[in-house]
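Next come the chains, spelled out residue by residue.
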Amino acid sequence: MSENTYPSVNDLTLEEKASLTSGGDAWHLQGIESKGIPGYMITDGPHGLRKSLASDTGSTDLNDSVPATCFPPAAGLSSSWNPELTHQVGEAMAEECIQEKVAVILGPGVNIKRNPLGGRCFEYWSEDPLLAGHEAAGLVNGIQSKGVGTSLKHFAVNSQETDRLRVDARVSQRALREIYFPAFEYIVRNAQPWTIMCSYNKINGVHAAQNHWLLTDVLRGDWGFKGIVMSDWGAAHDRVASLNAGLNLEMPPSFTDDRIVYAARDGRIAPEQLDRMAQGMIDLIDKARAAMSIEGYRFDVEAHDEIARKAALESMVLLKNEDAVLPLAEDAKVAVIGEFARTPRYQGGGSSHITPTKMTGFLDTLTARGIDARFAPGFTLDLEPQDPALTAEAVDAAKGADVVLMFLGLPEAAESEGFDRENIDMPAKQIELLKAVAAENANVVVVLSNGSVVSVAPWANNAKGILESWLLGQAGGPALADVIFGKVSPSGKLAQSIPLSIDDDPTMLNWPGEEGHVDYGEGVFVGYRYYDTYGKAVDYPFGFGLSYASFEISDVVVSKTGANTASVTAKVTNTSDVDGAEVVQVYVAPGKAAVARPAHELKGFRKVFLKAGETAEVTIDLDERAFAYWSEKFDGWHVEAGEYTVEVGTSSRDIAGTASVTLDGDGKSLPLDEWSTFSEWREDPIGGPIVEAMKAKGESGELAKLPDNDMMNLFINSMPINSLTTLLGEPGKAVTAFLIDEYAKAAK
Ligand code: BGC
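Residues numbered from 1 in each chain as written. Predicted model: local features only at pLDDT ≥ 70, side-chain atom pairs only at ≥ 80, totals over all residues. Heavy atoms only, no water.

Under an unreviewed UniProt entry, the protein has the name Exo-alpha-(1->6)-L-arabinopyranosidase and belongs to Bifidobacterium margollesii. In UniProt, the protein has this text filed under Function (unreviewed entry): "Catalyzes the hydrolysis of a non-reducing terminal alpha-L-arabinopyranosidic linkage in ginsenoside Rb2 (alpha-L-arabinopyranosyl-(1->6)-alpha-D-glucopyranosyl) to release alpha-D-glucopyranosyl (Rd). It is not able to hydrolyze alpha-L-arabinofuranosyl-(1->6)-alpha-D-glucopyranosyl (Rc)." The annotation that UniProt attaches to the protein under Subunit (unreviewed entry) is "Homotetramer." (UniProt positions renumbered as here; feature names shortened; annotations may be inferred.)

So this is what it looks like as C-alpha cells:
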C-alpha cells in the first residue's frame, strides 16, 4: 500500500496497472477515471511552458503553443552562476503550469555540452557537471516548490543530435560517473525531481530506455531516486524490456498496453515490478493533485516578464571592453547595426520553442526609452550572400557615431534540436560587414546572439567591446539596454570555454562518431578539463566574464573539516566605485594521482553581489566527493591520501589564491595477488614489509636475490610478481611463493 490516500495499485486490475505505464496521448498521462486517477497533462519545457495546441487543433507544428513567458534558455541562464535566480525562474514557470493545468514540465535538460557543435547546447547548461547540477537544481526546486513536477532530461549521455535516436555512446565508467552523471545525481539527491526522462541513445550498447543498470541500479539504487522515469518521445522500443529495466512511462503511447498485460500473465514481467512501475505513476499523479485542483489561477504576465528581464541581465557575459567602451552614456550618439537589434534571436528551435507573452527587442526598447539611435539592418537573416547595399547603408549609419553597436550572431536556421552544427564560425557576411563598419568607425561593440559557442578570435580585433548575450528570452531587449547603458553591471560568466578553433576541442577525434556509435575517447577531459590540463590556449576560458566593477579576492584559507573534507574561505572586495557581482570559483587540483586526473576541477562557487567598495567573506565546503575520482579498480569513488591544492579564482585561468590541504585518504585497497606488481606490493601496508623480508632473505642467500639498482628497480616495479622466473629462472618460483604465503598469513 502506498502511504498516500490515493488509490494504490492493489485497487487496480492488471489491465489498469498496464495502462498507467503509457501515456493517454502525446501530452497526457493515461488516467483511470473510474478509480479517480486523472490523466494530467505533461509538456515542454525547459525554459518556459510550451503547451502545444496540437491536441485541440490537430496541429503538429511545434511552434503552435499557448503564450507563456519565454525565460532565457539555459545557454544564457547558465552564465548567471546563480541558483537562487534559477529557483525564482522555476517558481514563475510553475505558476504558468498551474494556470494551464500542466502537472509536469519537461525539463531541465542537463546533458553535458561535450562539444560546442552539439545541436542542443542552447538548452543545456555547461561543459561542467557541478555547475550544470547546481544551477538546474535551483530550477527544479523552484518549480516543485509550487507543486508542479519537473522531468530531468535526457538521462543519459545525450550530447549530440547526430543519429540521436540510435547512436551508441560508448563511454567509460569513469567518464560517466565524473562527467555525464553528476548533474543528474546532484539534482536527484538535492531536489528529487518528480520525473526523469531517459534519452534516445544507447549507452554502451543498451538503449537508455531499457537499461536496467542505468534506470534501476544507478538511479534508484545508488542515488535514491524516488520518482518515475518516462521515455523521451518515441525512445521506448520494447515496452516489456523497458518496464523491467525501470521505465515507468512510455511517451507518447504506442497503444500496446496489451503487451504488458500478456507479459505480466506469462511471467516476462514480475508482478512486483509492474506494481512498482504503476504505483510510481499513481504517486506522481497524487503529488500533482493539489496544484492541478486550483481553479481559475492567472499568473501575473508583467511580473513574469520582469523575472525574465532579471534573468536575462545575469545571462550576458562581457568578453571584451577595451578603453571602457561600455557602458554608454545615455546621451551618446549611437548607431545600431544588425537585424538582431530589430528581430531578436531569443530562443532555440525544436521542442523547447515557446510562444512568448511579450517580445521586446533592443530597438523597441530604445524607442520606448526615448533614446535616439540610427539603425541599419546590415544583413538579412537568411543564407543569401551579403547585399552590398546593406553594407553601404550600415557604414553610412556608423559615420560620426560615438559608438556603433553591432548585433551579430547565428540565425535560427543555424542551430536547433535535431541536428548538430558543422562549425562554430560566425556567418561570413556578418564578419565582412563588421570589417567594413570598423574601418569607418573604430568604436564598435559587438553584441552576440547565439545558442552555442561561436568563434570570436577571427574578428575580435575589429571590436573594442564584445558582449556575449547568448539567447536572452523575451525580455532580452530591456535587459541589454540596462547593461549597455550601465544601469546594471554585467555579471555573467562563461559556462563553456570558447576555443580558438573547433579543431582544438578534445572530442573532435571522436565527433560525431560513425557507423552507429560514438566513442567518448577523451574520457574525463572535456572542455577546460582538457584545455587547462594540457596547457592549450583558448580564446576565453571557462568561468570568464568581465564587469564594469573590479574585484579582488584575498585571504584564501583552507581548513580540514574531516579526514577527507575541507572548507575554504576567501574575501572578495569590490574595489571599484560601481556596484556589481563577482562569482567566486573554487577548483580542486589533485596532487600525485594513481590515474590521469584533470589539472583542476570546479568544486564550488558562490555569486556575490557587492556594492562599490564592499567586502564579503565567502565560505564553501568541500565534501569527500570534491577530492575523489571514480576508480574502475574499486568500482567506486576513491580519495587518495595526500596533498590537494584548493584554488580560488574568477575563471579556470584566473586563480587569485591557493591553499593546500593534506587528506588522510579513504584507505581503500585491493588484496594483493600474483598479478600485483612489485610497486603495488611495496606500497601496500601489508605487502611492503613482506617485500623487505624477501630482500633480507635474498641477502642471506635463503632466496634468490633480485637485482637492486635504479634501472632494474624501474623495470621490476611494473612487473607482476608471477613473472619472476623470467628474471631469476627457476628460483624465481620460490620468491613468488614466499610473497604469496607470507601475505596469506599476514592478511588473516
Ligand atoms: C525531445 C524532448 C522533448 C520531447 C517532447 C523530444 O524530441 O528530445 O526534449 O521533451 O520531444 O516534446
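Turning our attention to the overall build of the protein. Counting secondary structure elements, the protein contains 23 helices and 28 strands. A compact globule built from 748 residues should have a C-alpha radius of gyration of about 27 Å, and the protein, at 29 Å, falls within 12% of that. Taken along its principal axes, the extent of the C-alpha atoms in the protein is 95 × 70 × 50 Å. Within the protein, the fraction of its 748 residues that count as buried is 61%. For the protein, the accessible area works out to roughly 27,800 Å², and carbon and sulfur atoms hold 50% of it. With 64 positive and 106 negative side-chain charges, the protein shows a separation of 2 Å between the mean positions of the two kinds. (Helix = DSSP H or I, 4+ residues; strand = E, 2+ residues; numbered from the N terminus. Rg over C-alpha atoms; globule rule 2.2 N^0.38 Å. Buried < 20%, exposed > 50% of the residue type's maximum accessible area, 1.4 Å probe, protein only. Areas by Shrake-Rupley, 256 points an atom, 1.4 Å probe, with all protein chains shown as cover. Lys, Arg positive; Asp, Glu negative; His and termini not counted. Charge placed at Lys NZ, Arg CZ, Asp CG, Glu CD.)

Taken together, 14 residues lie near the ligand, and Asp44, Arg120, His154, Tyr200 and Asp232 sit nearest. The separation between an oxygen atom of the ligand and a polar side-chain atom of His154 is 2.7 Å. In the complex, the protein chains occlude 93% of the 310 Å² of accessible area that the ligand would expose alone. Here the shell around the ligand is built from residues that sort into five nonpolar, two polar and seven charged. (Near = heavy atom within 4 Å. Polar contact = N/O pair within 3.5 Å; in protein donor to acceptor, adjacent residues only side chain to side chain. Nonpolar A, V, L, I, M, F, W, Y, C, P; charged D, E, K, R; others polar.)

As a further point, take the packing of helix H4 (residues 83-100) against helix H12 (residues 301-313). Where H4 contacts H12, the two axes come as close as 10 Å, and the packing angle between them is 150°. As judged from the angle between their axes, H4 and H12 are roughly antiparallel. The interaxial crossing formed by H4 with H12 has left-handed handedness. Contacts between H4 and H12 pair Leu85, Gln88, Val89, Ala92, Glu95 and Glu96 from the former with His304, Ile307, Lys310 and Ala311 from the latter. (Axes fitted to C-alpha atoms, helices over the stretch in contact; angles between N-to-C directions. Parallel < 35°, antiparallel > 145°, perpendicular 65-115°, else oblique. Left-handed = near helix turned anticlockwise from the far one by under 90°. Contact = heavy atoms within 4.5 Å.)

If you walk through the whole model with that rule in mind, you get 48 salt bridges. With its nearest N and O atoms 2.8 Å apart, the salt bridge here joins Asp163 to Arg166. Judged by relative accessible area, Asp163 falls into the partly exposed class, the value being 25%. Residue Arg166 is classed as exposed on the basis of its relative accessible area, which comes to 55%. As a salt-bridge pair, Glu601 and Arg529 come within 2.8 Å of each other at their nearest N and O atoms. (Salt bridge = Lys/Arg side-chain N within 4 Å of Asp/Glu carboxyl O.)

Time to look at the environment of Ser554. You can see Ser554 is positioned in strand S20 (residues 551-562). Distance in space between the C-alpha atoms of Ser554 and Asp300 is 43 Å, their sequence separation being 254 residues. For Ser554, the residues in contact, after removing those within four places along its chain, are Ala570 and Lys571.

Across the sheet, which stays open at both edges, the three strands sit in the order S20-S21-S24 with antiparallel pairing between neighbours. Each edge of the open sheet carries a strand with a single partner, namely S20 and strand S24 (615-622). Across the sheet, the mean angle from the axis of one strand to that of its neighbour is 15°, orientation sign disregarded. Judged from the eight bridges that link them, strand S21 (residues 565-574) and S24 form a sheet pairing that is antiparallel. Residue pairing in the sheet places Ala566 in a bridge with Leu622 of S24. (Pairing = 2+ DSSP bridges.)

As a rule of thumb, nonpolar side chains are buried together in soluble globular proteins. In this structure, Ile42, Phe155, Val157, Tyr180 and Trp233 are the most contacted members of the largest nonpolar core, which totals 101 residues. If you tally residues by element for this core, the top one is helix H11 (residues 271-292), at eight residues. Excluding anything up to four places from it in sequence, Ile42 contacts Trp27, Leu29, Val102, Val104, Leu106, Met230, Trp233, Leu249 and Met251. In this structure, Met426, Ile466, Leu472 and Phe544 belong to the second largest nonpolar core, which totals 73 residues. (Core = buried A, V, L, I, M, F, W, Y, C linked by side-chain atoms within 4.5 Å.)

With that settled, consider the UniProt feature "domain: Fibronectin type III-like" (unreviewed entry) in the protein. With numbering matched to this structure, UniProt assigns "domain: Fibronectin type III-like" (unreviewed entry) to residues 582-652. Along residues 582-652 the backbone is 0% helical and 61% strand, and the end-to-end C-alpha distance reaches 14 Å.

Okay, the side chain of Thr256 next. Its location among the elements puts Thr256 in the loop between helix H9 (239-245) and helix H10 (257-265). Using a relative accessible area of 7% as the deciding quantity, one classes Thr256 as buried. For Thr256, the side chain forms a polar contact with the side chain of Ser254, separated by 2.8 Å. Among all residues touching Thr256, those that are not within four sequence positions of it are Arg239 and Glu250.

So, about the packing of aromatic side chains. The final tally for this structure, using the stated rule, is 20 aromatic pairs. Where Phe362 meets Phe407, the ring centres are 4.8 Å apart and the plane angle is 35°; that geometry is what we call tilted. You can see Phe362 sitting in helix H14 (residues 362-368) and its partner Phe407 sitting in strand S16 (residues 403-409), a full 45 residues away along the chain. Overall, Phe362 belongs to the buried group, its relative accessible area being 2%. (Phe/Tyr/Trp six-rings, centres within 6.5 Å; stacked < 30°, edge-to-face > 60°.)

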